[in-house]
Amino acid sequence: MLTIDHLEVGYGQSRVIGDMNFTLGNEEILAIMGRNGMGKTTLLKSIIGILASSSGSIKLGEQDLAGYPSYERVRRGLAFVPQGRMIFPTLTVTENILTGARGTVPDSFWEEIYSLFPILRDMRNRKGGNLSGGQQQQLAIARALVSNPEVLLLDEPTEGIQPSIIKDIARALKDIRSIRKIAIIVSEQVVSFMMDVCDRAFVIERGSFIHEAPRSSLDADRVKQLLAV
């Protein structure tokens, strides 16, 4: 579904992502674990096109997206839920979702979203800024899904969210994968969430992957040690 080949990304003369290579399978949920400042956000922003890569390719299927601006990457099948949600606080829930739409939104979309996130139906006319952090995260995911992506990117979706809502988000991501038949990349620091949701996980350190394993053989204690270094 997605192929990252020899990707390098930096800020000015500082290289943050160096010669990175990985693939994302069809309907796979891939977790990228790492401490703050290790390159998780930089990697996702480079994939969606917020940050330009200095070299390498980003392929969605056979399409090489490197060089395209973010909005063109969204048109071609990527969607991004940024760290901190970044919803529009003065717009209603419905208006926030519609900011991500490309044309008419069918009734079936609303039925699907309200099934995944029932609270959004109840709060559809409430201003986004009046929602809790967990509710805003659900709203940000709904806004990303309205563009009908093939690959969904989420940057630290559990940040600042209470444990019960974290479990709801893990369930929702697995349901989204099942319903939409899409692939998902999640950057994360909460190991329990990662173990619940992912099919495979990487640990990133200073812009390079230092550990990789499928969930079936993933050692949570080992991952915790790597994140604590």
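Preceding this section is the structure that the text describes.
Each residue is numbered by its place in its chain's sequence as written, counting from 1. Totals for whole chains, interfaces and linings use every residue, but because this is a predicted model, local features are given only for residues with pLDDT of at least 70 and side-chain atom pairs only at 80 or more, for both listing and counting. Neither water nor hydrogens contribute to the side-chain values; these are computed over all heavy atoms in the structure.

(A) How the structure looks around the side chain of arginine 143. Turning to its location among the elements, arginine 143 is positioned in helix α6 (residues 133-145). For this analysis, a polar contact is any N or O atom pair within 3.5 Å, provided that within protein one partner can donate a hydrogen and the other can accept it, and provided that sequence-adjacent residues contribute only side-chain to side-chain pairs. A distance of 3.1 Å separates the side chain of arginine 143 from the backbone oxygen of arginine 85, its partner in a polar contact. There is a polar contact of 3.1 Å between the side chain of arginine 143 and the backbone oxygen of methionine 86. When residues no more than four places from it in sequence are discounted, the contact partners of arginine 143 are Pro82, Arg85, Met86, Ile87, Phe88, Asn96, Ile97, Thr99 and Gly100. The helix and strand labels rest on DSSP assignments: H or I over at least four residues marks a helix, E over at least two residues marks a strand, and numbering proceeds from the N terminus. By the convention used here, residues are in contact when the closest approach between their heavy atoms is within 4.5 Å.

(B) Region of the structure containing unusual backbone geometry. Even without being glycine, asparagine 148 reaches a positive phi, approximately 60°. Counting through the fold element by element, asparagine 148 comes out in the loop between α6 and β7 (151-155). Positive phi is not limited to glycine here, since glutamate 156 has a value of about 50°. Looking at where glutamate 156 falls in the secondary structure, it is placed in the loop between β7 and α7 (163-180). Each residue is placed in one exposure class: buried if its accessible area under a 1.4 Å probe, protein chains only, is under 20% of its type's maximum, exposed if it is over 50%, and partly exposed if it falls in between. A relative accessible area of 6% places glutamate 156 in the buried class.

(C) Representation of the sheet that holds strand β3 (residues 29-33) in the model. Think of it this way: DSSP has to see at least two bridges between two strands before they count as a pair. Sheet architecture is open: six strands sit in the order β6-β7-β8-β3-β9-β10, paired in mixed fashion. One side of each edge strand has no neighbouring strand; the edge strands of this open sheet are β6 (78-81) and β10 (208-214). When the angles between neighbouring strand axes are averaged without regard to direction, this sheet yields 15°. Of the pairings in the sheet, the one linking β7 to strand β8 (residues 183-188) comprises five bridges and is parallel in character. Bridge assignment links valine 151 to a residue of β8, and that residue is alanine 183. Each of β6 and β7 touches α6; the most contacted strand, β6, lies at about 165° to it. Each axis is a line fitted through C-alpha atoms, taken for helices only over the stretch in contact, and angles between the N-to-C directions span 0 to 180 degrees.

(D) Representation of α6 in the model. A helix's residues, less one, multiplied by 1.5 Å, set its expected span. Taking 1.5 Å per residue as the helical rise, α6 with its 13 residues ought to reach 18 Å, and the 19 Å between its terminal C-alpha atoms agrees with that figure. With twelve of 13 residues buried, α6 is to be regarded as a mostly interior element. Along α6, the positions that sit buried rather than exposed are Gly134, Gln135, Gln136, Gln137, Gln138, Leu139, Ala140, Ile141, Ala142, Arg143, Ala144 and Leu145. Buried positions along α6 lie against β6, α3 (93-98), α4 (107-116), α5 (118-122), β7 and α7.

(E) Representation of the layout of surface pockets. Every definition here rests on a 1 Å grid over the protein atoms only: cavities are sets of points where a 1.4 Å probe fits but cannot get out, pockets are open sets enclosed by protein on both sides within 12 Å along at least five of seven lines, and lining residues have some atom within 4 Å of a point. Grid points are joined across faces, edges and corners, and a volume is the space filled by probe spheres set on the points. Of the pockets and cavities examined, the largest pocket occupies roughly 430 Å³. Lining the largest pocket are 18 residues, and of these Val74, Phe80, Pro82, Gly100 and Arg143 sit closest to its centre. Of the residues in the lining of the largest pocket, the class split is twelve nonpolar, four polar and two charged. Only Asp, Glu, Lys and Arg are considered charged in this grouping, and only Ala, Val, Leu, Ile, Met, Phe, Trp, Tyr, Cys and Pro are considered nonpolar; every other residue, Gly among them, is considered polar.

(F) Structural context of the packing of α4 against α7. α7 packs onto α4 with a crossing angle of 150° between their chain directions and a minimal axis gap of 10 Å. Taken together, the axes of α4 and α7 lie roughly antiparallel to each other. For the pair α4 and α7, the crossing hand works out as right-handed. Each of Phe109, Glu112 and Leu116 in α4 lies in contact with α7, whose residues at this interface are Arg171, Ala172, Asp175, Ile176, Ile179 and Arg180. The residue makeup of the contact of α4 with α7, split by class, is five nonpolar, no polar and four charged. Oblique is the label for any angle not under 35 degrees, not over 145, and not in the 65 to 115 range, which are roughly parallel, roughly antiparallel and roughly perpendicular in turn. Handedness of a crossing follows from how the near helix is turned relative to the far one, being left-handed for an anticlockwise turn of less than a right angle and right-handed for a clockwise one.

(G) Structural detail: the pattern of salt bridges. Note on definitions: salt bridges are taken to be side-chain nitrogens of Lys or Arg within 4 Å of carboxyl oxygens of Asp or Glu. In total, this model carries eleven salt bridges according to the counting rule given. In this structure, a network of salt bridges that share partners links the residues Glu28, Arg200 and Glu212.

(H) Expanded view of the packing of aromatic side chains. For Phe, Tyr and Trp, where Trp contributes only its six-membered ring, two rings pair if their centres lie within 6.5 Å, and the inter-plane angle classes them as stacked under 30 degrees, edge-to-face over 60, or tilted in between. Considering all chains together, one arrives at five aromatic pairs under this definition. On the numbers, 5.4 Å between centres and 75° between planes, the contact of phenylalanine 109 with tryptophan 110 is edge-to-face. With respect to burial, phenylalanine 109 and tryptophan 110 carry one shared label: buried. For the ring pair phenylalanine 202 and phenylalanine 209, a centre distance of 4.2 Å and an interplane angle of 15° mean the geometry is stacked.

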